[in-house]
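Chain and residue survey
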Amino acid sequence: MVVPGAVTSSVGILGERTFGELRGAVKVNPVTRRLAMEKGWQFGTTAWFLLPAGALFALVVEWVWSDSTAPVCALTIVIKNMGKQTIGAILFDLSGVLYVDNDLVEGAVETVAEARKRGLTVRFVTNTATRGFEEIMGRLHGFGFDAAEEELFTAPAAAKQLIVKKGWRPYCLIHDAIKPDFADLDQNDPNCVVIGDARDELNYESLNKAFRVCQDGAPLIGIGMNRYFEGPDGLQMDAGPFIRAVAWASNIEPIVMGKPGGAFFDEVVASTSFAPGECLMIGDDAEADVGGAMHAGLQGCLVRTGKFQPGDEQVIPEGAEVIDSVADLFS
Ligand SMILES: [Mg+2]
């Protein structure tokens, strides 16, 4: 229902909640607003995105309704430079966004379905290093998500891909759950180190061995670079601090496969038919998800679920969006 003086808007791509400059661009013209308020008329804005995703322009039409006739006229037809590209693909982080531990985030399944319904390309992007690829697929399906294998991008898979490509022999400090995924690699006489969320295996002896291999000149691969994650009983240290410790001791820069590594985002974007700026990353990690994505040229959106902490809004780059939950994406 439209009440006198109320502002309504319908936007072609993401519902009434839109992103960045898009939101400003569909604001009702202040002159239109004042005239309508004075007359007690109803008014609203309708925006159509007439050009393909990536176009910089949208047609914005402002309507005014009188008491007797609706609508009576279109006051303004404006071609606006949106200043930001439209969105063709959405990259969903998993843990903390679609589910938290074993609990599904309310409305997450419906949001992913809505994205597909709107013709958006969907990707699932995770740094999870404590579950194998097949197990993650199984969890997605178990929660009710429609997901295909080619839509899932995991940090461990990206790390393995790099090791295979380079022909390296890794010293693996990784969780038992993903060891089978690395079992076919030659791990004798290691000439690279890979560190993931290996939990109790991240001890002095193992980290010191990693340091010595790196000190001899071997590259260090980090499976993601997260400070912490939300566990069942609170925040837990992730692999990032341990990767940093080995890197600092051996005075090298780690190669980050997974978020926030630019190469990882490039790989996911390349799997879509869109440019980085047409892809939106949605995550609960201000630095690894939102900061990493935006640094790689994507758009970013932080959710207030999962590991989100008050104050994270101040950490994300300018232009990033913040929503309470992934369920609010289209509402
Ligand atoms: Mg997360």
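Residues numbered from 1 in each chain as written. Predicted model: local features only at pLDDT ≥ 70, side-chain atom pairs only at ≥ 80, totals over all residues.

Quick word on the overall build of the protein
When its secondary structure is counted, the protein shows ten helices and 18 strands. Buried positions account for 42% of the 331 residues belonging to the protein. By sequence separation, contacts in the protein at least 24 residues apart represent 62% of the contacts at least 6 residues apart. (Helix = DSSP H or I, 4+ residues; strand = E, 2+ residues; numbered from the N terminus. Buried ≥ 20, exposed ≤ 12 C-beta atoms within 10 Å, placed from the backbone. Contact = placed C-beta atoms within 7 Å.)

Thoughts on the packing of helix α7 (residues 204-215) against helix α8 (residues 240-250)
Close contact between α7 and α8 brings their axes to 9 Å; oriented N to C, the two are set at 45°. By the angle between their axes, α7 is oblique relative to α8. The crossing of α7 and α8 is right-handed. When α7 is examined against α8, the residues Leu207, Ala210, Phe211, Cys214 and Gln215 are found in contact with a partner set consisting of Phe242, Ala245, Val246, Ala249 and Ser250. Partitioning the contact of α7 with α8 into residue classes produces eight nonpolar, two polar and no charged. (Axes fitted to C-alpha atoms, helices over the stretch in contact; angles between N-to-C directions. Parallel < 35°, antiparallel > 145°, perpendicular 65-115°, else oblique. Left-handed = near helix turned anticlockwise from the far one by under 90°. Nonpolar A, V, L, I, M, F, W, Y, C, P; charged D, E, K, R; others polar.)

Describing the sheet that holds strand β17 (residues 299-303)
The sheet built from six strands is open, its strands ordered β9-β8-β5-β16-β17-β18 with parallel pairing. The open sheet has two edge strands, β9 (152-154) and β18 (321-323), and neither has a second partner. Taking the axes of each pair of neighbouring strands and ignoring which way they run, one obtains an average angle of 25° across the sheet. Against the sheet, helix α4 (residues 133-143) contacts β8 (121-126) and β9, and its axis sits at roughly 135° relative to β9. The strands that helix α5 (residues 155-166) touches are β8 and β9; relative to β9, the one it contacts most, it runs at about 70°. (Pairing = 2+ DSSP bridges.)

Quick word on the sheet that holds strand β15 (residues 255-257)
Picture the strands of a sheet paired through backbone hydrogen bonds; they go either parallel or antiparallel. Taken in spatial order, the four strands make up an open sheet running β10-β11-β12-β15, and their pairing is parallel. In this open sheet, the two edge strands, each paired with only one partner strand, are β10 (170-173) and β15. Ignoring which end each strand starts from, the neighbouring axes of this sheet average 20° apart. Examined bridge by bridge, strand β11 (residues 192-195) and strand β12 (residues 220-223) share three bridges and lie parallel to one another. Within the sheet, the bridge partner assigned to valine 194 lies in β12 and is isoleucine 221. Here α5 sits on the sheet in contact with β10, β11, β12 and β15, set at roughly 155° to β12.

Topic: the pairing of β8
Across five bridges, the pairing between strand β5 (residues 89-93) and β8 is parallel. Considered in β8, the bridge of phenylalanine 92 is made with phenylalanine 124. After leaving β8, the chain enters α4 and then returns to the sheet as β9, a path that is right-handed. (Right-handed = clockwise from strand over helix to strand, strands pointing away.)

Considering helix α3 (residues 108-117)
Residues of α3 that are buried include every one of Ala108, Thr111, Val112 and Ala115, and no others. Projected down its long axis, α3 shows its buried positions confined to an angular sector of 95°, all on one face. Among the exposed residues of α3, those pointing more than 90 degrees away from its buried face are Arg116 and Lys117. Where α3 is buried, its residues touch β5, β6 (99-100), β7 (103-104) and β8. The positive-phi residue at the C-terminal boundary of α3 is glycine 119, with phi of around 80°. (Arc of directions from axis to C-beta.)

Some thoughts on helix α9 (residues 262-270)
When α9 is considered as a whole, its buried residues turn out to be Phe264, Phe265, Val268 and Val269. Buried residues of α9, viewed axially, fall in a sector of 135°; they line one side.

Description of unusual backbone geometry
With omega at 5°, the peptide bond leading from lysine 259 into proline 260 counts as cis. Tracing the sequence through the fold places proline 260 in the loop between β15 and α9. One non-glycine residue, asparagine 251, lies in positive phi territory at about 55°. Here asparagine 251 is to be found in the loop between α8 and β15.

Things to note about the environment of phenylalanine 308
For phenylalanine 308, the location among the structural elements is in the loop between β17 and β18. Considered as a pair, phenylalanine 308 and glycine 283 are 25 residues apart in the sequence and their alpha carbons are 9.2 Å apart. Ignoring anything within four residues of it in the chain, the contact list for phenylalanine 308 reads Asp284, Leu302 and Val303.

Concerning the nonpolar core
Leu91, Phe92, Val193, Val194, Ile195, Val246 and Ile282 are the most contacted members of the largest nonpolar core, which has 78 residues in total. The residues touching isoleucine 282, leaving out its near neighbours within four places in the chain, are Ile90, Leu91, Phe92, Asp93, Val97, Cys301, Val303 and Val326. (Core = buried A, V, L, I, M, F, W, Y, C linked by C-beta atoms within 7 Å.)

A short note on the confidence of the model for the protein
With 74% of its residues at a pLDDT of 70 or more, the protein has an overall mean of 83. Segment residues 1-28: pLDDT under 50, and 58 contacts once partners within four positions in sequence are set aside and those in other chains are kept. Confidence drops under pLDDT 50 across residues 68-84; counting only partners more than four residues distant or on other chains, this segment forms 38 contacts. (pLDDT = per-residue confidence, 0-100.)

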